[in-house]
Amino acid sequence: MRISFAMSQESRIREINGKQQEMDRLSTMIASGKKLLSPSDDPHAWASAMDLKQGLRSIETYEKNIQFGLSWGEMTDLQLGRLSDLIGQAKDIAVAAVNNAVPEEHSAQVEGMEQIVKDGLEVANATLDGRYLFSGLEDPTPDKPFQLDDATGLVIYNGDDGSLKLRTGKGVNNESVVNLNGQEVFKPGDATGDILRELWSLREAVKANDMDATRAAISSLQGSLEHVRSQRSVLAVRLSDLERRQEALGAMRLNRQERLSHLEAADTAEMIVRLQQKQTAFEASLRVTAMVDDLNLLDFL
Amino acid sequence: MPGLSLTLETAKSTLLNTQVQIQVNSHNIANAENKSYARQKAILGTSPANLTHAGWIGTGATIETIVQMRDAYIEQKLMNSMSAESHQNTLATQLSIALAGFSDSGETGISQALGAFWDSWDALLQDPEDIAAREGVYLASRNLSQNIRTTYADLDVLVNSQISEEIQETIDKANSLLDRIANLNHQIQQNESPGHYANDLRDSRYQALKELAEIMPIQYGEEANGSVTVRYSNGTVSVTLVSGPQASPSPLHYDTVSEEVTLTSFDGGTSAAEESVQGGILGGLTAAREDIQAYMDRLNAFAGTLIDEVNGAYGSPVFTGSDARDVDISPDFLDGPTAAELSERALQISNLQEKKVSFGTGGVDARFIDFLGGIQSRMGGDLQEAETQAEFYATLRTELDGQQQSISGVSLDEEMVDLLKHQQIYQAAAKIIQQTLEMLNRILDIR
């Protein structure tokens with residue numbers, strides 16, 4: 001085969017161009033840390049990578065939701081704990097009032113009860129980051145969720161019975177309720193179990209030294225204490241469920257990240273070795289070009 | 001009559017012959033880098049001999065003709081491979097432009113906007129009455145609809161103006177090349193006589209044929225009078241575009257409305273509508289247009305289904321419009337519903353991201369992100385295919401180019417050796433003249 005002048009020039013230029021392109025590609029991979037630069041590199045892997053990224057994104061959302069649910073639940077539990085303590089204290093005061101009605105202690109008992117009613121209302125209107133814990137979904141601003149008429153003991157609830165639902169996973173059972181609404185915790189307006197009203201009634205009974213009413217309040221407060229305890233256990237089950245989901249998601253995320261990096265991430269060490277190989281080959285092409293260009297019959301005549 | 005004067009004559013013609021040969025060498029060297037140039041060679045023939053009492057005496061050599069080194073078979077194959085390569089190259093270029101605007105790996109573009117859209121509804125779920133969360137939903141919805149619209153519009157511009165314009169320009173170029181080939185045919189016929197080839201005009205014509213082969217696949221054959229006949233045929237239609245000096249005033253015509261290319265034969269006799277020329281830049285452009293149109297249809301299916309599903313889940317319009325062309329958000333869609341309603345609807349919408357829905361394009365039901373990934377994966381597959389094919393044809397073209405150059409290309413070393421050879425012959429002939437003159441002088445010196 002004859003090698004023409006134009007041909008040998010062209011094929012050397014083609015070689016140099018080709019090597020430069022490969023080097024450019026490799027250095028882009030190293031710089032970006034990715035071996036999958038465009039869908040055309042590997043259409044199937046690209047689609048899988050997109051799927052994994054979507055999965056990771058939703059896991060992140062679930063984790064955010066769970067984190068929110070956990071802090072909401074923990075705050076709710078804290079407030080319910082306080083409520084139990086308040087009811088317990090109220091009961092103690094009531095028992096003390098019934099058993100030894102010493103006039104000197106009476107004013108202290110009334111004072112204690114007044115503080116407990118105030119604190120109870122404060123618990124009912126507790127907030128987390130500016131949101132009321134026990135108002136359902138409604139934000140009753142400018143009113144507070146609970147209002148207690150100090151003269152009549154009437155409790156008004158401005159919230160609703162909405163459930164704060166969050167998505168905490170895939171599939172059918174993917175919605176978790178994270179709140180307890182004021183209706184189910186404090187039972188405002190109910191004939192029995194209206195906690196705020198019961199505290200108020202006890203205060204009035206202690207104030208009036210009405211022993212029968214005080215005794216009655218003790219037994220109904222016992223019921224309320226049990227109700228709060230049952231609400232706390234509902235909450236505890238939810239919290240442990242959320243924690244379980246959180247753990248499972250952590251494992252899933254790790255697995256997906258691993259698969260994604262397997263599909264997408266460039267192995268820097270390998271890429272650098274390959275780049276060095278290309279560099280050597282490129283230098284060889286340049287050297288050959290220089291050598292061949294010097295070859296001319298004229299030099300030997 | 002044999003004698004010293006005949007020797008002088010023979011040596012003189014040798015001097016003249018070698019000068020012509022050296023000029024041919026020089027012409028070859030001057031065109032060494034031009035790949036359309038075919039190396040030329042002066043063919044020597046023995047001059048007629050004289051009959052003397054001693055028998056037939058030779059009278060030297062004459063240059064019979066100057067020929068080009070060409071192989072029509074290899075050249076036709078080379079042009080076929082050039083058509084195929086430029087088809088795939090053009091297709092790959094256009095597809096990579098389309099892909100650059102569409103693909104996003106989930107960090108930018110539509111799939112990122114879609115992810116942010118789903119996330120915004122989840123954030124709203126945490127606090128349905130929060131102004132920031134509502135604003136987030138509003139912005140994410142607007143961003144998503146904008147993203148879909150601009151991606152579609154970019155593809156639309158690519159297909160309906162850029163590619164269309166390029167097809168028009170390519171056709172104009174093909175028409176002027178066909179005209180040039182017909183003209184060169186005419187000039188070659190005028191300038192050639194038996195044994196005298198218009199080599200340099202043939203080089204120009206070869207160059208024009210090569211340029212035409214890049215645009216569209218052609219078949220050509222040389223006639224006895226030196227002209228070439230250029231045909232386009234693809235199995236179903238066969239149109240003779242150039243015959244001798246004749247070609248239609250505009251052999252190719254592109255109808256911008258029907259998006260069809262019409263081919264007219266040299267005498268205006270036959271014409272054929274060719275929807276997709278297979279091969280060449282023209283073929284690549286039409287194939288790219290079809291592919292991108294298909295992606296746009298899929299994007300429309302995606303947008304249409306998204307609009308329907310989201311609006312259905314929300315109960316009232318979140319998005320307006322019907323497809324990717326006109327999708328937009330419905331203003332104030334967040335006003336109205338109560339906190340409880342909003343919470344329920346946000347849950348419905350957020351759950352859509354895991355729902356498998358039908359996109360009405362055939363195939364199985366898929367999640368939104370999978371369908372989007374499917375479009376990208378398909379685009380990537382098409383591009384990969386075009387790139388692989390282009391690489392294959394480039395290798396084939398290089399191989400055939402090598403073969404063609406092996407026959408027609410100029411090798412400087414070879415020319416140099418020829419030059420030396422002719423120089424030696426020239427010197428030898430000059431020596432003969434010198435010697436003959438000395439002999440003649442010797443005779444004249446006798447008195």
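Residues numbered from 1 in each chain as written. Chains lettered and ligands numbered in written order. Predicted model: local features only at pLDDT ≥ 70, side-chain atom pairs only at ≥ 80, totals over all residues. Heavy atoms only, no water.

Draft legend 1. Summary view of the overall build of chain A. When its secondary structure is counted, chain A shows 7 helices and 6 strands. Going from the N terminus to the C terminus, chain A shows its helices and strands as α-α-α-β-β-β-β-β-β-α-α-α-α. For 301 residues, the compact-globule estimate of 2.2 N^0.38 gives 19 Å, and the C-alpha radius of gyration of chain A, at 38 Å, exceeds that figure by more than 25%. Structurally, chain A occupies a C-alpha span of about 135 × 35 × 35 Å along its principal axes. Relative to its 301 residues, chain A shows a buried fraction of 44%. For chain A, the exposed area adds up to about 15,500 Å²; of that, 53% sits on carbon and sulfur atoms. Counting 34 positive and 47 negative side-chain charges, chain A places the averaged centre of each group 9 Å from the other. (Helix = DSSP H or I, 4+ residues; strand = E, 2+ residues; numbered from the N terminus. Rg over C-alpha atoms; globule rule 2.2 N^0.38 Å. Buried < 20%, exposed > 50% of the residue type's maximum accessible area, 1.4 Å probe, protein only. Areas by Shrake-Rupley, 256 points an atom, 1.4 Å probe, with all protein chains shown as cover. Lys, Arg positive; Asp, Glu negative; His and termini not counted. Charge placed at Lys NZ, Arg CZ, Asp CG, Glu CD.)

Draft legend 2. Quick peek at the nonpolar core. Counting residues in each nonpolar core, the largest one holds 153 residues, and the members touching the most others are Phe186 of chain A together with Trp121, Met216, Val230, Ile292, Phe302 and Phe319 of chain B. No other element matches the 20 residues that helix H2 (residues 43-99) of chain A contributes to this core. Not counting chain neighbours up to four residues away, the residues in contact with Phe302 of chain B comprise Ile110, Leu114, Ile148, Phe359, Phe368, Phe371 and Leu372 of chain B. (Core = buried A, V, L, I, M, F, W, Y, C linked by side-chain atoms within 4.5 Å. Contact = heavy atoms within 4.5 Å.)

Draft legend 3. View of the domain arrangement of chain B. Residue and element names in this part refer to chain B. Segmentation of chain B into domains returns domain 1 (4-69 + 409-445) and domain 2 (73-407). Domain 1 and domain 2 are separated by 59 Å when their C-alpha centres are compared. Contact residues are listed per partner, giving 15 residues for domain 1 and 13 residues for domain 2. Both sides together, the interface formed by domain 1 and domain 2 hides about 1,200 Å², and carbon and sulfur atoms give 31% of it. In this assembly, domain 1 and domain 2 are joined by 1 salt bridge. Across the salt bridge formed by Asp401 and Lys35, the nearest N and O atoms sit 2.4 Å from each other. Our enumeration of links across domain 1 and domain 2 arrives at 12 residue pairs in polar contact (both at pLDDT 80 or more). Ranked by the residues each element gives to the side of domain 1 that touches domain 2, the list is headed by strand S4 (residues 61-68), at 5 residues. Residues belonging to the side of domain 1 that touches domain 2 are distributed by class as follows: 5 nonpolar, 7 polar and 3 charged. (Domains from an automatic or database assignment. Buried area = accessible area lost by both parts, 1.4 Å probe. Salt bridge = Lys/Arg side-chain N within 4 Å of Asp/Glu carboxyl O. Polar contact = N/O pair within 3.5 Å; in protein donor to acceptor, adjacent residues only side chain to side chain. Nonpolar A, V, L, I, M, F, W, Y, C, P; charged D, E, K, R; others polar.)

Draft legend 4. Layout of the environment of His27 of chain B. Structurally, His27 of chain B can be placed in helix H1 (residues 4-30). Residues within four places of His27 of chain B in sequence aside, it is in contact with Tyr37, Gln40 and Asp200 of chain B.

Draft legend 5. Expanded view of the interface of chain A and chain B. On the chain B side, the residues contacting the 46 residues of chain A number 56 residues. Of all residues in chain A, Arg2, Met50 and Arg167 of chain A give up the largest surface area on contact with chain B, accounting jointly for 17% of the area buried on that side. Viewed at the interface, chain B and chain A are joined by 7 salt bridges. Here Arg167 of chain A makes a salt bridge to Asp122 of chain B, at a shortest N to O gap of 3.0 Å. Applying the counting criterion to the chain A and chain B interface returns 25 residue pairs in polar contact (both at pLDDT 80 or more). When contributions to the side of chain A that touches chain B are tallied by element, the ones reaching two or more residues are helix H1 (5-32), H2 and strand S5 (165-167) of chain A. At 15 residues, the largest contribution of residues to the side of chain A that touches chain B is made by H2 of chain A.

Draft legend 6. Layout of the side chain of Gln126 of chain B. Take Gln126 of chain B: it is sitting in helix H3 (residues 109-126). With relative accessibility at 17%, the residue Gln126 of chain B sits in the buried group. Leaving out residues up to four positions away in the same chain, Gln126 of chain B has contacts with Lys64, Asn65, Phe68, Arg131, Leu164 and Leu166 of chain A.

Draft legend 7. Region of interest: the packing of helix H4 (residues 131-191) of chain B against helix H6 (residues 280-314) of chain B. All names here are of chain B. H6 packs onto H4 with a crossing angle of 160° between their chain directions and a minimal axis gap of 10 Å. As the angle between them shows, H4 and H6 are arranged roughly antiparallel. Every pair of crossing elements has a handedness; the one defined by H4 and H6 is left-handed. (Axes fitted to C-alpha atoms, helices over the stretch in contact; angles between N-to-C directions. Parallel < 35°, antiparallel > 145°, perpendicular 65-115°, else oblique. Left-handed = near helix turned anticlockwise from the far one by under 90°.)

Draft legend 8. How the structure looks around the packing of helix H3 (residues 103-124) of chain A against helix H5 (residues 195-208) of chain A. All names here are of chain A. Contact geometry of H3 with H5 gives a least axis separation of 9 Å together with a crossing angle of 165°. In terms of orientation, H3 and H5 fall into the roughly antiparallel class. Between H3 and H5 lies a crossing whose hand is left-handed. Along its contact with H3, which presents His106, Gln109, Val110, Met113, Glu114, Ile116, Val117, Gly120, Leu121 and Ala124, the element H5 presents Leu196, Leu199, Trp200, Leu202, Arg203, Val206 and Lys207. Of the residues contributing to the contact of H3 with H5, the split by class is 11 nonpolar, 3 polar and 3 charged.

Draft legend 9. Spatial organisation of the sheet that holds strand S6 (residues 228-233) of chain B. All names here are of chain B. With respect to topology, 4 strands assemble into an open sheet ordered S5-S6-S7-S8, the strand pairing being antiparallel. Looking along the sheet, the strands with just one partner apiece sit at the ends: strand S5 (219-222) and strand S8 (246-247). Seen against the sheet, H4 touches S6, strand S7 (238-243) and S8 and runs at an angle of roughly 50° to S7. (Pairing = 2+ DSSP bridges.)

Draft legend 10. Seen up close, the domain arrangement of chain A. Annotation of chain A at the domain level lists domain 1 (47-260) and domain 2 (267-301). Computed over C-alpha atoms only, the centres of domain 1 of chain A and domain 2 of chain A are separated by 77 Å.

Draft legend 11. Quick look at the pairing of strand S9 (residues 252-255) of chain B. Residues and elements named next belong to chain B. Residues of S9 alternate between two faces, with Leu252 and Tyr254 buried on one and His253 and Asp255 left unburied on the opposite face. Pairing of S9 with strand S10 (residues 260-264), which is carried by 4 bridges, proceeds in the antiparallel orientation. Note on S10: the bridge partner recorded for His253 is Thr262. Hairpin connection between S9 and S10: a loop of 4 residues separates the two successive antiparallel strands, and Glu259 in this loop has a positive phi of roughly 55°.

Draft legend 12. How the structure looks around helix H5 (residues 199-215) of chain B. All names here are of chain B. Taking 1.5 Å of rise per residue, 17 residues should cover 24 Å, and H5 covers 25 Å from first to last C-alpha, within 8% of that figure. With 12 of its 17 residues buried, H5 lies for the most part within the structure. Those residues of H5 that sit buried are Asn199, Leu201, Arg202, Asp203, Arg205, Tyr206, Ala208, Leu209, Lys210, Leu212, Ala213 and Ile215. (Expected span 1.5 Å × (residues − 1).)

Draft legend 13. Geometry of the environment of Ile43 of chain B. Residue and element names in this part refer to chain B. Secondary-structure assignment places Ile43 in strand S1 (residues 40-46). Given a relative accessible area of 29%, Ile43 falls into the partly exposed group. For the pair Ile43 and Gln21, spaced 22 residues apart in the sequence, the C-alpha separation amounts to 8.9 Å. Each residue touching Ile43, except ones within four places of it in the same chain, is listed here: Thr62, Ile63, Glu64, Thr65 and Val67.

Draft legend 14. Broad picture of unusual backbone geometry. Residue and element names in this part refer to chain A. The phi dihedral of Asp129 is positive, around 50°, even though this residue is not glycine. In this fold, Asp129 is placed in the loop between strand S1 (127-128) and strand S2 (131-132). On the basis of relative accessible area, Asp129 is assigned to the exposed category, the value being 75%. In this structure, Lys187 takes a positive phi of about 45° despite not being glycine. Judged by its relative accessible area of 27%, Lys187 falls in the partly exposed class.

Draft legend 15. Broad picture of helix H7 (residues 339-351) of chain B. For H7 of chain B, with 13 residues, the first-to-last C-alpha span of 18 Å sits near the 18 Å given by 1.5 Å per residue. For H7 of chain B, the set of buried residues is Ala339, Leu342, Ser343, Ala346, Leu347, Ile349 and Ser350 of chain B. The arc that holds the buried residues of H7 of chain B, viewed along the axis, is 165°, so those residues lie on one side. Along its buried surface, H7 of chain B packs onto S5 and strand S6 (175-177) of chain A together with H3, H4 and H6 of chain B. (Arc of directions from axis to C-beta.)

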